[in-house]
Amino acid sequence: MLFHSTRGGDRGRTFEEVLMQGLASDGGLFMPDSWPQVDLNLLRNKTSFIEVAEEIVPLFTASSFTRDEVVQVLQTTWHDFSNKDIAPIKHLKDDQLILELFHGPTAAFKDFGLQLAAAFFNKVLIKNNKTAIVLGATSGDTGSAAIDACKRFKAIKSFILIPDGNMSEIQRKQMTTIDEDNVFTLRIEGTFDDCQDVVKAAFNERSFLKDDQYLLAVNSINWIRIVGQICYYFYASLKASNLNEEYNFSVPTGNFGNVFACYASHKMGLPVNKILVSVNENDILNRFFKNNDYSKQKVNETVSPSMDISVASNFERLLYDFYCNRDTKLCNDLYEDFPSKSINLPNEIWEKSENLFLSYSADDSQTISTIQDTYNKYNYLIDPHTAVALYAVKNLNEDLDNKTFIISTAHPAKFPSSIAEAGIELNTTPKSLAEALNKEEKAFNLPANKDLIFKFILNNNS
Ligand SMILES: *Cc1c(COP(=O)(O)O)cnc(C)c1O
């Protein structure tokens, strides 16, 4: 199984190359050359999340690692989960199930993809006797999951840039209270965009790297993160119906990584009825699925900050695979003038989505009242991102024949002010979050100046 870019530039890449490169050199995203098929009958004999992952992950890694090597990596990949099931299911009512993906150490689903990414980064570094710098800008859960996943590997040094902005206190403290000598959290006097600009410049200049050192990105486009997320869709369906039911999946969506993992699972043989693309007021995806209008607008701060995006980077993978039938030229043309011009598909192509995708958008007050209603009715507390997904299910109910999984992406204790706004007293905080809240912050403050930031990295890159 080799990989190629959605825009046709890079071809014939191995898993290792795609893992370490992240984004394709033509600006496109890497895709597997074909969709490997999962043997559902084989999977039906499995019981644990790891056993499921042992069937999924090797389908994508064979160009670089033997099955035995991968199985060995997977034994220690997902760590520090507070629930031994890793991804437990809560039955809200007969036809609504919640897939709880927030039991990892940073209390958001990003642990699934980033722990797998870090484990394979480390595997490659050891094999090639090299070291790496991980660099990322984050406004939410990616940074903490990346730091946590990478901190146990001494061959990796992490530099995470965080802006002053819409991030909960706990989200920030998860990054600023890490006491490890291979982790540097940089509080930048600037916006998220300023931080991203520095990261982009860093990938061009690379002046702070030692000879032979890798520079790794932790954004949502690395293929390995999709692989980690595919595992839990199969696992959820296995546990709930022995892979026999065609569920709907409502996914709270920002950069479209989690939805794309659901779509990928379907292409690999998972029975799926509808995929609900659930968004907050930053609704570029809802405008696309409703009106064939994929156009960039400015970002609004919402109560579900991890989905505050202006464009959904992984959406390119869906455009390429589902709409363009893997025509790299067509995909390239569509992105030629984006985002200055919007993407509008020929109608006969766009209409295809109706068979598989539905979308809905929730504003802040709808999100908060969904938290409230769910608590009052079921005595079950959900976080604002999960509430966006549940709100979509309620509103699209008439179009949903089958049972629906609501993908719960974060623990409610990560967003205490929204819980308070819903008038609910928060009485459970996961141990890892409580510890972060009580520790002293030790971040490095720097202006949004790339030369000063590069110098900082260089000075700490010994
Ligand atoms: C990142 C994130 C999302 C959005 O996931 P995408 O894969 O970017 O669509 C949703 N909820 C939470 C809590 C997140 O951290």
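In this text the structure is predicted, and so the values were computed from the model without any measurement. (Residues numbered from 1 in each chain as written. Predicted model: local features only at pLDDT ≥ 70, side-chain atom pairs only at ≥ 80, totals over all residues. Heavy atoms only, no water.)

(A) Geometry of the packing of aromatic side chains. In the structure shown here, the tally under the stated rule is 41 aromatic pairs. Where Phe249 meets Phe405, the ring centres are 5.5 Å apart and the plane angle is 5°; that geometry is what we call stacked. Of this pair, Phe249 sits in strand β9 (residues 247–252) while Phe405 is found in strand β12 (residues 404–408), placing the two residues 156 residues apart along the sequence. The burial state of Phe249 is the same as that of Phe405; both residues are buried. Seen in terms of ring centroids, Phe260 and Tyr263 are 5.5 Å apart; in terms of plane orientation they differ by 45°. Their pairing is tilted. With Phe260 and Tyr263 both in helix α11 (residues 257–267) and three residues apart, this pair spans about one turn of that helix. For the pair formed by Phe260 and Tyr263, the shared burial category is buried. Between the NZ or CZ atom of Lys130 and the centre of the ring of Tyr214, over which it lies, the distance is 4.9 Å. One Lys or Arg, Lys352, reaches over the ring of Phe322 and ends 4.5 Å from the middle of that ring. (Phe/Tyr/Trp six-rings, centres within 6.5 Å; stacked < 30°, edge-to-face > 60°. Helix = DSSP H or I, 4+ residues; strand = E, 2+ residues; numbered from the N terminus. Buried < 20%, exposed > 50% of the residue type's maximum accessible area, 1.4 Å probe, protein only. Lys NZ or Arg CZ within 6 Å of the ring centre and 35° of its normal.)

(B) Just the domain arrangement of the protein, in detail. What the domain assignment lists for the protein is domain 1 (3–72 + 110–222 + 440–459) and domain 2 (84–107 + 224–421). Once you take the C-alpha centre of each, domain 1 and domain 2 turn out to be 22 Å apart. At the junction of the two partners, domain 1 supplies 58 residues and domain 2 supplies 50 residues. Seen at the junction of domain 1 and domain 2, the total is two salt bridges. Between Glu316 and Arg7 there is a salt bridge; the shortest N-O distance is 2.8 Å. At the boundary of domain 1 with domain 2, the tally comes to 24 residue pairs in polar contact (both at pLDDT 80 or more). The element contributing the most residues to the side of domain 1 that touches domain 2 is helix α6 (residues 110–128), with nine residues. Of the residues that constitute the side of domain 1 that touches domain 2, the class distribution is 28 nonpolar, 21 polar and nine charged. (Domains from an automatic or database assignment. Contact = heavy atoms within 4.5 Å. Salt bridge = Lys/Arg side-chain N within 4 Å of Asp/Glu carboxyl O. Polar contact = N/O pair within 3.5 Å; in protein donor to acceptor, adjacent residues only side chain to side chain. Nonpolar A, V, L, I, M, F, W, Y, C, P; charged D, E, K, R; others polar.)

(C) Local environment of the site of the ligand. Taken together, the neighbourhood of the ligand is formed by 15 residues, with Lys110, Asp141, Gly254, Asn255 and Thr409 sitting nearest. One of the side-chain N or O atoms of Asp141 is found 2.5 Å from an oxygen atom in the ligand. The separation between an oxygen atom of the ligand and a polar main-chain atom of Gly257 is 3.2 Å. Split into classes, the residues belonging to the shell around the ligand amount to five nonpolar, eight polar and two charged. (Near = heavy atom within 4 Å.)

(D) Region of the structure containing the environment of Val277. As for its placement among the helices and strands, Val277 is situated in strand β10 (residues 272–279). Residue classification places Val277 among the buried positions, given a relative accessible area of 0%. Along the primary structure Val277 and Phe256 are separated by 21 residues, whereas in three dimensions their C-alpha atoms are 8.5 Å apart. Look past the residues within four positions of Val277 in its chain and what remains in contact with it is Val251, Thr253, Phe256, Val259, Leu285, Phe289, Phe357, Leu358, Ser359 and Tyr360.

(E) Region of interest: the sheet that holds strand β13 (residues 444–447). In spatial order, the strands read β8-β5-β6-β7-β13; together these five strands make up an open sheet with parallel pairing. Strands with a single pairing partner mark the edges of an open sheet, and in this sheet they are β8 (214–217) and β13. Neighbour-to-neighbour, the strand axes of the sheet open up by a mean angle of 25°, direction not taken into account. This element, helix α7 (residues 141–150), spans β5 (132–137), β6 (156–163) and β7 (183–189) of the sheet and lies at about 165° to β6. (Pairing = 2+ DSSP bridges. Axes fitted to C-alpha atoms, helices over the stretch in contact; angles between N-to-C directions.)

(F) Focus on the nonpolar core. Of all hydrophobic cores here, the largest spans 114 residues; its most connected members are Phe234 and Phe315. For this core, the leading source of residues is helix α10 (residues 223–241), giving twelve residues. Each of domain 1 (3–72 + 110–222 + 440–459) and domain 2 (84–107 + 224–421) accounts for three or more of the residues forming this core. With residues up to four places along the chain from it excluded, the contact list for Phe234 reads Val38, Leu40, Leu43, Val52, Ile56, Leu243, Ser265, Met268, Gly269 and Leu270. (Core = buried A, V, L, I, M, F, W, Y, C linked by side-chain atoms within 4.5 Å.)

(G) Structural detail: the sheet that holds β10. Read from one edge of the open sheet, six strands run β3-β4-β12-β9-β10-β11, paired in mixed fashion. Each edge of the open sheet is held by one strand with a lone partner, namely β3 (89–93) and β11 (357–361). Strand-to-strand twist in this sheet, taken as the mean axis angle between neighbours without regard to direction, amounts to 25°. Sheet contacts for helix α17 (residues 384–395): β3, β4 (96–100), β9, β10, β11 and β12; angle to β12, the most-contacted strand, approximately 160°.

(H) Quick peek at unusual backbone geometry. Of note, the amide linkage connecting Phe338 to Pro339 takes the cis form, showing an omega dihedral of 10°. Inspection of the secondary structure puts Pro339 in the loop between α14 (328–336) and α15 (347–350). The phi dihedral of Ala107 is positive, around 65°, even though this residue is not glycine. Phi is positive for Leu243, which is not a glycine, with a value near 65°. For Leu243, a relative accessible area of 1% gives the class buried.

(I) Highlighting α14. The set of residues buried in α14 consists of Thr328, Cys331, Leu334 and Tyr335. Buried residues of α14 fall within an arc of 125° about the axis and therefore sit on the same side. Of the residues in α14, the exposed ones pointing more than 90 degrees away from the buried face are Lys329 and Glu336. Close packing links the buried residues of α14 with β1 (3–5) and α13 (315–323). The N-cap of α14, judged by a side-chain oxygen 3.0 Å from the amide nitrogen of Lys329 a few residues on, is Asp327. (Arc of directions from axis to C-beta.)

(J) Structural detail: the packing of α6 against α10. As a packed pair, α6 and α10 sit with axes 8 Å apart at the nearest point and diverge in direction by 130°. Accordingly, the angle class assigned to the pair α6 and α10 is oblique. Between α6 and α10 lies a crossing whose hand is right-handed. For the pair α6 and α10, contact is made by Lys110, Phe112, Gly113, Leu114, Leu116, Ala117 and Phe120 and by Ile224, Arg225, Val227, Gly228 and Tyr232, respectively. (Parallel < 35°, antiparallel > 145°, perpendicular 65-115°, else oblique. Left-handed = near helix turned anticlockwise from the far one by under 90°.)

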